[in-house]
Amino acid sequence: CHSDTSGSIDLTVTGGTAPYSYIWTNEATTQDLSNVGAGTYGVVVNDANNCPAVDSVTLTEPDTLVSSLSSPTFNGGYNVTCLGNNGSIDLTITGGTTPYTYSWSNGATTEDLSGIGAGTYDVTITDLNGCVSTGSVTLTQSPPQSLSTSLSLLKVGEKCVLQNVFGSLSSFITSKIFSENKIQILFIASDITKAEKVFDDCSQLCGKENVILVSEQSHHHGAIVIDEFGNHIEALQKLSSGNPIIVVTHPSALARKIPSPQTFQKETLEIKLNEETDFKKFIDKLNEWNFEKVDFISSPGEFSVRGGIVDVFSFVGTTPFRIEFFGDEVVSLREFDVLSQRSIRDVQSVSIVPNFLSEENETSKSFTSSLFDYLQSNAVIILEEETFIQKEIEEQFQNNEREMFSWEEIQTNFQYFPIVEFSNFQLSITNYKFSIDFNSSSQPSFNGSIDSLVNNVQELGRDDFQVFIACSSASEKKRLEELINESAERLGEESFSSSRFAKEESNEDNDEILH
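Computed from a predicted model, the values in this text were never measured in an experiment.

## A look at the state of the cysteines
A covalent bond between the sulfur atoms of two cysteines is what we call a disulfide.
So, step 1. Counting across every chain of the model gives one disulfide.
So, step 2. Here C1 pairs with C131 through a disulfide, and the sulfurs are 1.6 Å apart. The chirality of the disulfide connecting C1 with C131 is left-handed, given an S-S dihedral of about -105°. Here C1 is found in the segment before strand 1 (7–9), whereas its partner C131 is found in the loop between strand 10 (119–126) and strand 11 (132–139), with 130 residues between them in sequence.

Put into structure tokens, the structure is as follows:
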């Protein structure tokens, strides 16, 4: 090793007359040398007759064994993000004699480390000659970052990953983003079932008027049923208006080609109270758009005419409109109930659009736009497991290339919006700008076992969790409380206490909650 005194010199003498004497340049007088360092050593050998012989030898040594440790940093100068276990250490070695062996304090024996968390890591490097070098480095981890802060710093095309988000937590987070920012949100669920669940949750949290489901249900020849037509068109109308809204969709509906915003605006007929609309041209337009003329309307795409009164069920909204003309002037506009035919409320304007997405609409064959084209520039895209979305779109695209976009075409739109992704998989460090671990877990399955429920709840209680069990009625709460306390007594656990919480004032009964 460098600077060691582990060298030795073996001197062999022939000829002359023994005995011999030796004088080395390091003042040694032995025939051989041991425990000497690198350098040039000269020797004079005299025999019994003082006949001299001179020689020298140079001992070499390797360069100093040197190790250096480095760890790349994320935003803020931290080596590990709040997701954890995505740090790495790069070990560089010079000098010594190859090959080297490595011994890390975490038990690893590789040169470099990856996929590690915060902490101090020590390493010992040993070369072929047993020379040793040591090193140490400490990796720091960024503190948990709030969702609001992450979104405010997120630029278009950048992604914030939210990990360990289970159950309805994704809906709560989405609703939080919407309520705080009042922006358009496009939530792309991994499949139609999850899209419907998110829609239901967000409708409860944000109000039905602020959430719409864009869905697609398989039919024949790629057609979709009328409710999905209406929702799709209503979503386009609301997005075109620029108003804040949560649009929930799933892969096959997202990839469907739709009319451009310019075409949609051009083909939307706006009827306003106390303004003139040519009555005859209005009826002609409804016929041109393939609205069906009936005696009494009952579903979207129908209209009826009784003198100067026109009932129209547009593909936007859930109720039909009654438009009363005096000549060409609109003198009354109101929503009405299909069954009772009674007015619901007066309105100032009505938007009527054709069924763009129907197979009977010839222009649908040349659509080139997607939902992304309708979003405002400050909209946020929320993905639920991007890999699952990609797989679904790729499978659907193979069967319907004419009416759908490919995954690559869909993905190019991500660069124009901030992206939030719910993912429970470890991602490459290049895939996101920020990350937040919510540390939630999915609800365990008790399979009807009260004992299993009690065991789970008591374990959570010992970890300082508060557990709330919601019941639909007082009688259900009473019976469940009896079962739980019987089980707790049987298992030797503490009994539960119960609390009662009032529901919204609009409800007559009370929710019952065991606490």
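Having seen it, we continue.
## Considering the sheet that holds strand 21 (residues 329–336)
Across a sheet, strands are paired by hydrogen bonds formed along the backbone, either parallel or antiparallel in direction.
So, step 1. Strand order in the open sheet formed by six strands is 17-18-19-20-21-22, and the pairing between neighbours is mixed. The strands lining the two open edges of the sheet, one partner per strand, are strand 17 (292–293) and strand 22 (343–346).
So, step 2. In this structure, strand 20 (residues 321–326) lies alongside strand 21, joined through six bridges in antiparallel fashion. The partner of F321 across the bridge, within strand 21, is E335.
So, step 3. This element, helix 7 (residues 279–288), spans strand 18 (302–306), strand 19 (309–313) and strand 20 of the sheet and lies at about 30° to strand 19.

## As for empty space enclosed by the protein
So, step 1. Applying the stated criterion across every chain yields a total of one cavity of 30 Å³ or more.
So, step 2. Estimates place the volume of the largest cavity at around 30 Å³.
So, step 3. For the largest cavity, the full set of lining residues is D295, F296, I297, S304, R306, D311, F336 and Q341.
So, step 4. When its residues are assigned to classes, the lining of the largest cavity shows three nonpolar, two polar and three charged.

## Considerations on the layout of surface pockets
So, step 1. The volume enclosed by the largest pocket comes to roughly 530 Å³.
So, step 2. Surrounding the largest pocket, 16 residues form its lining, S441, Q443, L460, F465 and V467 being those nearest its centre.
So, step 3. With four residues, the top contributor of residues to the lining of the largest pocket is helix 10 (residues 450–462).
So, step 4. Each residue belonging to the lining of the largest pocket can be placed in one class, and the counts come to nine nonpolar, seven polar and no charged.

What counts, and at which threshold
Residues numbered from 1 in each chain as written. Predicted model: local features only at pLDDT ≥ 70, side-chain atom pairs only at ≥ 80, totals over all residues. Heavy atoms only, no water. Disulfide = S-S within 2.5 Å. Helix = DSSP H or I, 4+ residues; strand = E, 2+ residues; numbered from the N terminus. Pairing = 2+ DSSP bridges. Contact = heavy atoms within 4.5 Å. Axes fitted to C-alpha atoms, helices over the stretch in contact; angles between N-to-C directions. 1 Å grid on protein atoms, 1.4 Å probe; cavity = no way out; pocket = protein on both sides within 12 Å on 5 of 7 lines; lining within 4 Å. Points joined across faces, edges and corners; volume = space filled by probe spheres on them. Nonpolar A, V, L, I, M, F, W, Y, C, P; charged D, E, K, R; others polar.

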